[in-house]
Amino acid sequence: AQSVTQPDIHITVSEGASLELRCNYSYGATPYLFWYVQSPGQGLQLLLKYFSGDTLVQGIKGFEAEFKRSQSSFNLRKPSVHWSDAAEYFCAATGTASKLTFGTGTRLQVTL
Amino acid sequence: DVKVTQSSRYLVKRTGEKVFLECVQDMDHENMFWYRQDPGLGLRLIYFSYDVKMKEKGDIPEGYSVSREKKERFSLILESASTNQTSMYLCASTSDTRSGANVLTFGAGSRLTVL
C-alpha cells in the first residue's frame with residue numbers, strides 16, 4: 001500500500017539552528033512529492049514540490065528538500081530556523097492519480 | 001489572490017444532528033477535496049470530486065456524504081453526527097489532476113465539535 005512516513009512527531013530546535021525534517025515514502029514508482037506547512041489555526045500552505053529533474057528543490061521561506069530515490073526519502077531542510085517557522089509540517093505524495101497521501105506530520109517548536 | 005473559503009471556522013453540534021460544511025473556491029478548479037485532520041493521524045481523504053455532480057470516495061467515507069451542484073462549491077454532509085466525527089475538516093481544490101502533478105490549495109479549516 002502507498003504510504004508516507006514522518007518518523008518524528010515533535011522536534012524542538014533553537015532559533016538560528018539548522019533543521020531537517022524526515023520523510024520516507026512507499027510507492028510503486030517515484031511519486032510526486034510535496035511539503036506543506038500548517039501554522040496554528042490555519043490551512044496548509046505549500047512549501048515546495050518535486051516532480052522530476054534536479055533532486056534538490058528550493059521552496060518558499062528558505063526551505064529546501066532533497067529527493068533520494070535510493071532511500072525513498074524527501075527530507076526538508078533549512079539552514080537557520082526563525083521563531084516564525086514554528087508550525088506543523090506535512091510531507092505528502094501522489095502517483096498518477098489525484099489523491100495525495102499525507103504523513104502524520106511533524107510539529108516544530110522553536111526556542112529563543 | 002486565489003482562495004478556498006470554508007464558511008464555518010468553528011461549529012458545535014449535538015449527536016444525531018445533520019451537519020453541513022460548505023466550501024467555495026474562486027479559481028475555477030475542476031477538482032475539490034474534503035480531508036479530515038486528527039492529531040497523530042495526519043490528513044485523511046474523505047471524498048473528492050472531479051466535476052460537477054461527480055464524487056468519489058476517499059479513504060474514510062463512512063458516515064459522510066458530499067454534494068457538488070456547482071463547480072465552485074463542494075459540501076460535506078454528516079447525516080447524523082457522532083462524537084467520533086469531532087475533528088478539523090479541511091477543504092482543498094486543484095485544477096486538472098490527471099497528471100497527479102498539481103498542487104492543492106487549502107481552506108483554513110472547519111473545527112467541528114460533536115457533543
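Further up the page is the structure itself.
Just so it is clear, the model here is predicted, and its values are computed rather than measured. (Residues numbered from 1 in each chain as written. Chains lettered and ligands numbered in written order. Predicted model: local features only at pLDDT ≥ 70, side-chain atom pairs only at ≥ 80, totals over all residues. Heavy atoms only, no water.)

Details of the overall build of chain B
Scanning chain B for helices and strands turns up zero helices and 12 strands. The order of α-helices and β-strands along chain B, N terminus first, is β-β-β-β-β-β-β-β-β-β-β-β. Taking 2.2 N^0.38 as the reference for a compact globule, 115 residues should give roughly 13 Å; the C-alpha atoms of chain B span a radius of gyration of 13 Å, in line with that estimate. Seen along its three principal axes, the alpha-carbon backbone of chain B occupies a region of about 40 × 30 × 25 Å. Within the span of chain B, comprising 115 residues, buried residues form 49% of the whole. The contacts of chain B with a sequence gap of at least 6 include a subset with a gap of at least 24, amounting to 56%. For chain B, the accessible surface area stands at approximately 5,600 Å², while carbon and sulfur atoms represent 49% of it. Side-chain charges of chain B comprise 16 positive and 15 negative groups, with the mean position of each set lying 5 Å from the other. (Helix = DSSP H or I, 4+ residues; strand = E, 2+ residues; numbered from the N terminus. Rg over C-alpha atoms; globule rule 2.2 N^0.38 Å. Buried < 20%, exposed > 50% of the residue type's maximum accessible area, 1.4 Å probe, protein only. Contact = heavy atoms within 4.5 Å. Areas by Shrake-Rupley, 256 points an atom, 1.4 Å probe, with all protein chains shown as cover. Lys, Arg positive; Asp, Glu negative; His and termini not counted. Charge placed at Lys NZ, Arg CZ, Asp CG, Glu CD.)

Let's talk about the nonpolar core
Most often, soluble globular proteins have nonpolar side chains that are buried together. Counting residues in hydrophobic clusters, the biggest one holds 27 residues, and the most contacted among them are Leu19, Trp35, Leu47, Leu48, Phe74, Leu76 and Tyr89 of chain A. Contributions of two or more residues to this core are made by strand E2 (10-14), strand E3 (19-21), strand E5 (32-38), strand E6 (44-50), strand E8 (64-68), strand E9 (73-78), strand E10 (87-94) and strand E12 (106-111) of chain A. No other element matches the four residues that E10 of chain A contributes to this core. If we skip the residues at most four places from it in the chain, tyrosine 89 of chain A touches Gln6, Leu21, Trp35, Tyr36, Val37, Leu47, Phe63, Leu76, Gly105, Thr106 and Leu108 of chain A. In terms of nonpolar packing, the next biggest core, distinct from the first, is built from 21 residues, Ile46, Leu78, Tyr89 and Cys91 of chain B among them. (Core = buried A, V, L, I, M, F, W, Y, C linked by side-chain atoms within 4.5 Å.)

Examining the side chain of serine 75 of chain B
Residue and element names in this part refer to chain B. Inspection of the secondary structure puts serine 75 in strand E9 (residues 73-78). Within the structure, the side chain of serine 75 is placed 2.5 Å from the side chain of glutamate 22, a separation counted as a polar contact. Filtering out sequence-adjacent residues up to four positions away, serine 75 remains in contact with Leu21, Glu22, Trp34, Ser65, Val66 and Ser67. (Polar contact = N/O pair within 3.5 Å; in protein donor to acceptor, adjacent residues only side chain to side chain.)

Observations concerning the environment of glycine 42 of chain B
Here glycine 42 of chain B shows up in strand E6 (residues 42-49). Along the backbone, glycine 42 of chain B and serine 8 of chain B are 34 residues apart, and their C-alpha atoms lie at a distance of 21 Å.

A word on the state of the cysteines
Under the counting rule described, the total for this entry stands at two disulfides over all chains. Bridging cysteine 23 of chain A to cysteine 91 of chain A, the disulfide has an S-S length of 2.0 Å. Taking the sign of the torsion about the S-S bond as the criterion, the disulfide between cysteine 23 of chain A and cysteine 91 of chain A, at about -65 degrees, is left-handed. Here cysteine 23 of chain A is found in the loop between E3 and strand E4 (24-26), whereas its partner cysteine 91 of chain A is found in strand E10, with 68 residues between them in sequence. For the pair shown, cysteine 23 of chain A and cysteine 91 of chain A are each scored as buried. Two residues, cysteine 23 of chain B and cysteine 91 of chain B, share a disulfide whose sulfurs are 1.9 Å apart. (Disulfide = S-S within 2.5 Å.)

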